[in-house]
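Overview (structure and organization)
Residue strings, one per chain:
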Amino acid sequence: MNIASVIVDVPAKQTDKTFDYKIPEKYKDVIKPGTRVIVPFGPRKIQGFVRDLKGESSFSKLRAIIEPLDLTPVLNEELLQLGDWLTEHTLSYKISSYQAMLPAALKAKYEKKIVLAKGTEITDLSGNLIELFRENREIKWEDAVTKGLVQQLQKEAASGRVDVVYQVKDRVRKKLLKHVSPAIDPDQLKETRDKLPPQASGQQSVLDFFLEHPDPVEQRLILSTLGISQGSIQSLVKKGILKIEELEVYRDPYSEREFERKFALDLTNEQEKAISPILSAIEKDLHEVFLLYGVTGSGKTEIYLQSIQEVLRKGKEAIVLVPEISLTPQMVTRFKERFGDLVAVMHSGLSAGEKYDEWRKIQRKEVKVVVGARSAIFAPFENIGIIIIDEEHETSYKQEENPRYHARDVAIQRAKTYACPVVLGSATPSLESFARAQKERYTLLSLPKRMNNQALPTVEIVDMREELRTGNRSMFSVKLFEKIKDRLEKKEQTVLFLNKRGHSSFVMCRDCGYVMNCPHCDITLTYHRYNEQMKCHYCGYEDRVPTICPECNSEHIRYFGTGTQKVEEELLKLIPEARIIRMDVDTTGRKGSHEKLLTAFQEGQADILLGTQMIAKGLDFPNITLVGVLSADTMLNLPDFRSSEKTFQLLTQVSGRAGRHKLPGEVVIQTYTPEHYSVELAGTQDYDRFYQQEMLIRKVHQYPPFYYLSLVTVSHEELMKVVSVTEKIAKFISSRLTNEAVVLGPVASPIPRINDRYRYQCLIKYKKEPELKNALKTILDHYQQETGTGALQISVDLNPYILM
DNA sequence: AGCACGCCGACT
DNA sequence: GTCGGCGTGCTC
């Protein structure tokens, strides 16, 4: 077994296979499947993952692994196989799958540089290089390129005076901190302590401290707690009594927070009924998928917590997925309060280093529970007892780049391997999941009532067209405005929700209707206030904000579609005494500001919380008795077959923020389309009827859950090329599928051009097409050369969530 | 993905 | 005759 087959870090069709390398004798014990290694690949050095060990290779002239990057494999056998499964299910490269399963910190960084060759003097080089190498022992390749030195250096390299060096580096280092500990045994320590002169009080207290706690302590901690100077420690080190060493520490994003330890709450009868099948699956080590369908405020979290408790009792581990967790600090708190240090948290708000450290806690089995966003599904546990996906309908569980996986599918796959239950929780389940529950592929568990029998909030739908007709041109209906004022008087809190389309505002000319578009993409530019620039969200193009219209020279060019800020201004004009907290991308940009704003609101420092999507979830404050949705229908008009579903879900979620505790809640939904069933049924909070209605439509239009979807997107700089390739692809796919499948296209993508590349797509709707995956693979193979050069791009998304 | 090798046009 | 364009194919 002295040969390793390695998946190399080159995401391309031709390299999507293993390469064999000899294992040097000295690394024989370290290199195992799942270890990251540095290998020579052509002229360069790159990172790779050991996939297997073997005794012989069909290849005769093997090169040797340069060095391992890990002492313990970063992927265990289960995760390696999961990676292969991912590759197969998303038609992506193996290397991309492996990398997706690990924190970004473990992805290699490459550096190419020029150094002086051995035995060469700087003065041997030609003129201008001498200067450069005097200043720096080496030149980075990029610098050589920008300074136009490439040719010259290549010549020098050819005559052997300089060498090109390739380096592989880790992205993030382990954090090391100075730790102090005794260098001698306790008896000697005591002796030294007693011999110290009385004026050496600092040294005395240090030694007293170590007599009590002999373990290594962070230097800065001991300095601050004992109130001594570094000198005291230094002199003890010099005498050989203490020693200082650099020890690895975890970056702990929650180190400054204290979590009060809390214990299980009593369950209601309904909760008891819902949890018992889960507990029994845990008990019997059975794989089963549960759909926990519970209205907002029905106590789903407590069910998660108690199920996990049972899993921990059995000595197993738990994964909890929540949508973009930085948005729900309340959730983290509840888990930390219940399980303390056994919880790792993984979300996008953490730095790369923090994520890496949380990951290592999992890998080393120092924690038993991980709470995190999508990628936490790959937590390297080895004895999983339950996987929970909260807000299961959230589309953020689908990754929109390769590998395009859905966390729910990965969860079920892993749960099968570990023979453990999966719990999908939601107040508004996705149609896919609810349909599966109806077909009894999932076990349905319902919590139809709120805790403590608290009533669901009463919802009123206000027709904004009517308001306009009666002369109210503001963005608040009379009803909503009256209620806001009423809450202010009663000292109760209001949440105002603005369902903005897209991110932020765009610029439009009031005279001629000119809208600023990206010159490279068919998309409007968005206005960014922080740098007063117009920016394209697809290609990064930036432009200044125009003061006069480029089309008609009018000065009436204004920001439109503006959100929270405008609402805030208007509200303050109407009710100057209102204290408002605004939450949007602008006010929550900085790390931790999200949490600060929420805490301020919770402590009653404001009457009104005004925000976008980010306030729809997880808010659970007792004093909120009014929720206002300013315009319910902005999302309805999107070209997406899920827009009704999304609207219903969002409205129901937001409404659920009101009246969760003792005080009853009220909701006002303002809309221009009150007759639309998703608005109307969100008003009566009738999921079941919404489900029936939407299923009818999905059936007629042949959409999920009745049909599966796959989307092929083709892009190229030339329109003709895109159209012809997409046409060929569509034809080819049709020819390989049964008559039951529907192939739509080629049609222009909803965003027809991004970054000067035209985009066409082809949508496949099907029920059962075992040949489809092979057909798609054939296409990717067939266009291999062309896609390799980047001129033509073909992306395949099995079960897309965004059809763009 | 890089990088080398290799085969054609425009320059000293 | 040579420099350099980027098409083609390989990397254990």
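Please read these numbers as outputs of a predicted model, since none were measured by experiment. (Residues numbered from 1 in each chain as written. Chains lettered and ligands numbered in written order. Predicted model: local features only at pLDDT ≥ 70, side-chain atom pairs only at ≥ 80, totals over all residues. Heavy atoms only, no water.)

Thoughts on the overall build of chain A
Our working rule: The way it works is that DSSP assigns letters per residue, a run of H or I at least four long becomes a helix, a run of E at least two long becomes a strand, and they are numbered from the N terminus. Put simply, the radius of gyration uses C-alpha atoms, and a globule should come to 2.2 Å times the residue count raised to 0.38. Note on classification: 1.4 Å probe, protein chains only; a residue is buried when its accessible area is under 20% of the maximum for its type, exposed when over 50%, partly exposed between these limits. The criterion used for residue contact is that any of the two residues' heavy atoms lie within 4.5 Å. When charges are counted, Lys and Arg are positive and Asp and Glu negative, with His and the chain ends excluded. Lys charges are placed at NZ, Arg charges at CZ, Asp charges at CG and Glu charges at CD.
Secondary structure summary: chain A contains 25 helices and 34 strands in total. In terms of overall size, chain A behaves like a compact globule, its C-alpha atoms giving a radius of gyration of 31 Å where 804 residues would be expected to give roughly 28 Å. C-alpha atoms of chain A, sized along the principal axes, occupy 90 × 80 × 65 Å. Looking at chain A as a whole, 51% of its 804 residues qualify as buried. Pairs at least 24 apart in sequence give 73% of the contacts found in chain A among residues at least 6 apart. Looking at chain A, you have 112 positive and 109 negative side-chain charges, and the mean spots of the two groups are 3 Å apart.

Structural notes on the packing of helix α10 (residues 269–284) against helix α11 (residues 300–313)
Our working rule: Every angle, taken between N-to-C directions, lies between 0 and 180 degrees, and every axis is a line fitted to C-alpha atoms, over only the stretch in contact when it is a helix. Each angle receives one of four descriptions, namely roughly parallel if under 35 degrees, roughly antiparallel if over 145, roughly perpendicular if within 65 to 115, and oblique otherwise. Crossings are classed by handedness, with left-handed meaning an anticlockwise turn of the near helix from the far one by less than a right angle and right-handed meaning a clockwise turn. Residues are grouped as follows: Ala, Val, Leu, Ile, Met, Phe, Trp, Tyr, Cys and Pro are nonpolar; Asp, Glu, Lys and Arg are charged; every other residue, Gly included, is polar.
Following both chains from N to C, one finds α10 and α11 inclined at 25°, their axes separated by 10 Å at the closest point. When the axes of α10 and α11 are compared, the pair comes out roughly parallel. Two packed elements cross with a definite hand, and for α10 against α11 that hand is right-handed. Contacts between α10 and α11 involve Gln271, Ala274, Ile275, Ile278, Leu279, Ile282 and Glu283 from the first element and Glu302, Ile303, Gln306, Ser307, Glu310, Val311 and Arg313 from the second. Among the residues making up the contact of α10 with α11, the classes are represented as seven nonpolar, three polar and four charged.

Regarding the pattern of salt bridges
Convention followed: A pairing counts as a salt bridge when a side-chain nitrogen of Lys or Arg comes within 4 Å of a carboxyl oxygen of Asp or Glu.
What the rule picks out here adds up to 43 salt bridges. With a closest N to O distance of 2.9 Å, glutamate 78 and arginine 414 form a salt bridge. With glutamate 78 in helix α1 (residues 77–90) and arginine 414 in helix α14 (residues 407–418), this pair connects stretches of sequence that are 336 residues apart. For arginine 414, a relative accessible area of 0% gives the class buried. The partner of arginine 487 in a salt bridge is aspartate 486, and the shortest N-O contact between them spans 3.3 Å. Relative accessible area serves as the criterion here: at 4%, arginine 487 is assigned to the buried category.

Remarks on the domain arrangement of chain A
We apply this condition: Note that the domain bounds reflect an automated or database-derived domain assignment.
Looking at chain A, the domain boundaries give domain 1 (3–102), domain 2 (110–168), domain 3 (176–248), domain 4 (269–451), domain 5 (458–504 + 561–697) and domain 6 (708–797). Inter-centroid distance (C-alpha atoms) of domain 1 to domain 2 is 31 Å.

Digging into the packing of α1 against α14
Contact geometry for α1 and α14: axes closest at 11 Å, N-to-C directions at 140°. With respect to α14, the axis of α1 lies oblique. Between α1 and α14 the crossing geometry is right-handed. Of the residues in α14, those touching α1 at Glu78, Leu79, Leu82, Trp85 and Leu86 are Asp409, Val410, Gln413, Arg414, Thr417 and Tyr418.

Regarding the pairing of strand β14 (residues 317–321)
Put simply, the rule reads: Pairs of strands are assigned from DSSP output, requiring at least two bridges between the strands.
Summarising burial for β14: five of the five residues are buried, a large majority. Burial along β14 is two-sided: the face carrying Glu317, Ile319 and Leu321 and the face carrying Ala318 and Val320 are both buried. The pairing of β14 with strand β16 (residues 369–372) spans four bridges and is parallel. Note that in β16 the partner of alanine 318 across the bridge is valine 369.

Describing the sheet that holds strand β11 (residues 217–218)
Strand order in the open sheet formed by three strands is β11-β10-β12, and the pairing between neighbours is antiparallel. Each edge of the sheet is formed by a strand with only one pairing partner; in this case those strands are β11 and β12 (242–249).

Here's the deal with the protein's contact with DNA strand C
The line we're drawing: In these notes, residues near a molecule or strand are those with any non-hydrogen atom within 4 Å of it. In protein, a polar contact means a hydrogen-donor-capable atom and an acceptor-capable atom, both N or O and within 3.5 Å, with residues adjacent in sequence counting only if both atoms are side-chain atoms; elsewhere, any N or O pair within 3.5 Å suffices.
Taken together, 14 residues are adjacent to DNA strand C, and Asp20, Pro40, Phe41, Gly42 and Arg63 come closest. Within 4 Å of the protein, the atoms of DNA strand C are drawn from sugar and phosphate moieties in a proportion of 47%. In this structure, tyrosine 21 approaches DNA strand C through a side-chain N or O atom, which is 3.4 Å from a phosphate oxygen. Of all elements in the fold, only β2 (18–22) and β3 (36–41) reach the threshold of two or more residues within the surface near DNA strand C. Counting residues per element, the surface near DNA strand C draws most heavily on β2, at three residues. Split into classes, the residues belonging to the surface near DNA strand C amount to six nonpolar, four polar and four charged.

Re the side chain of serine 5
Take serine 5: it is sitting in strand β1 (residues 3–8). The buried category is assigned to serine 5, whose relative accessible area is 3%. If sequence neighbours within four positions are ignored, serine 5 has contacts with Thr18, Phe19, Asp20, Phe49, Val50, Arg51, Asp52 and Lys54.

A few points about the environment of serine 710
Looking at the element boundaries, serine 710 is found in strand β31 (residues 708–716). Between the C-alpha atoms of serine 710 and lysine 773, which are 63 residues apart in sequence, the distance is 9.8 Å. Among residues more than four places away in sequence, those in contact with serine 710 are Cys762, Leu763, Ile764, Tyr766, Leu772, Asp797, Leu798, Asn799 and Pro800. Side chain to side chain, serine 710 and tyrosine 766 meet in a polar contact 3.2 Å long.

Some points on the environment of lysine 491
Examined against the element boundaries, lysine 491 turns out to sit in the loop between α17 (478–490) and β21 (493–497). Along the chain, lysine 491 and glycine 656 lie 165 residues apart, while their C-alpha atoms are 20 Å from each other.

Concerning the sheet that holds β21
Overall, parallel pairing links the six strands, which are arranged β20-β30-β29-β21-β28-β27 in an open sheet. Strands with a single pairing partner mark the edges of an open sheet, and in this sheet they are β20 (458–463) and β27 (580–583). Adjacent strand axes in the sheet meet at a mean angle of 15°, parallel and antiparallel pairs treated alike.

Notes on empty space enclosed by the protein
Condition: Only protein atoms enter the 1 Å grid used here. Points where a 1.4 Å probe fits but cannot escape make up a cavity, open sets with protein on both sides within 12 Å along at least five of seven lines make up a pocket, and a residue lines them when an atom lies within 4 Å of a point. Grid points are joined across faces, edges and corners, and a volume is the space filled by probe spheres set on the points.
The tally for this structure, following the rule as stated, stands at two cavities of 30 Å³ or more. The space that makes up the largest cavity amounts to roughly 60 Å³. Along the walls of the largest cavity sit His393, Thr395, Arg408, Ser430, Glu432, Arg642, Glu645, Lys646, Gln649 and Tyr801, which together make up its complete lining. At three residues, the largest contribution of residues to the lining of the largest cavity is made by helix α20 (residues 643–655).

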